[in-house]
Amino acid sequence: MSTPAIKGRTRPDTRAILRVSTIIESVGILCALGVWISGGMTAHGPKNNFGWLVLIIALGCIPTGTFFLLLGIAKWFGDRNRTD
């Protein structure tokens, strides 16, 4: 038999979602800073190829990381009240 979960204990899948979403969000923020470091934006986009690369990565990571971070936070609040 498995041991019953303790009320308020975070489950492994919730921890994994929070860990991965934090990494994705951090990469997105670092890439957004990379756009600024590479020379910023003009009316036609970043000034060089590196700027374009980090812009595309940031535009993919920031919304995805935010969505999964909100999912992980919601699961964490749900885990606090579960006892099964």
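Provided above is the structure to which this section pertains.
Attention here is on the structure that accompanies the text. (Residues numbered from 1 in each chain as written. Predicted model: local features only at pLDDT ≥ 70, side-chain atom pairs only at ≥ 80, totals over all residues. Heavy atoms only, no water.)

Quick word on the packing of aromatic side chains
Filter applied, for reference: Ring pairs shown here join Phe, Tyr and Trp side chains whose ring centres sit within 6.5 Å, with only the six-membered ring taken for Trp; geometry is labelled stacked below 30 degrees between planes, edge-to-face above 60, and tilted in between. The cut-offs for exposure are 20% and 50% of the maximum accessible area for each residue type, with area from a 1.4 Å probe on protein chains only; residues under the lower value are buried, those over the upper are exposed, and the others partly exposed. The rule for a charge over a ring is simple: NZ of Lys or CZ of Arg within 6 Å of the ring centre, and within 35 degrees of the ring normal.
Scanning the entire structure with this criterion turns up 2 aromatic pairs. Their ring planes at 75° and their centres at 5.2 Å tell us that phenylalanine 67 and phenylalanine 68 sit as a pair that is edge-to-face. On the basis of relative accessible area, phenylalanine 67 is assigned to the exposed category, the value being 53%. When the ring centre of tryptophan 76 is taken as origin, the NZ or CZ atom of arginine 80, which lies over that ring, is 5.4 Å away.

Observations regarding the pattern of salt bridges
Here is the rule we go by: The salt bridge definition used is simple: a Lys or Arg side-chain nitrogen within 4 Å of an Asp or Glu carboxyl oxygen. Only DSSP runs of H or I covering at least 4 residues are called helices, and only runs of E covering at least 2 are called strands; the numbering of each starts at the N terminus.
Evaluation of the coordinates by the stated rule reveals 2 salt bridges. Here arginine 11 and aspartate 79 are joined by a salt bridge, their closest N and O atoms 3.9 Å apart. Of this pair, arginine 11 sits in the segment before α1 (12–37) while aspartate 79 is found in helix α2 (residues 49–81), placing the two residues 68 residues apart along the sequence. Notably, a salt bridge pairs lysine 75 with aspartate 13, separated by 3.3 Å at the nearest N-O pair. Within this pair, whereas lysine 75 is found in helix α2, its partner aspartate 13 is found in helix α1, the two being separated by 62 residues in sequence.

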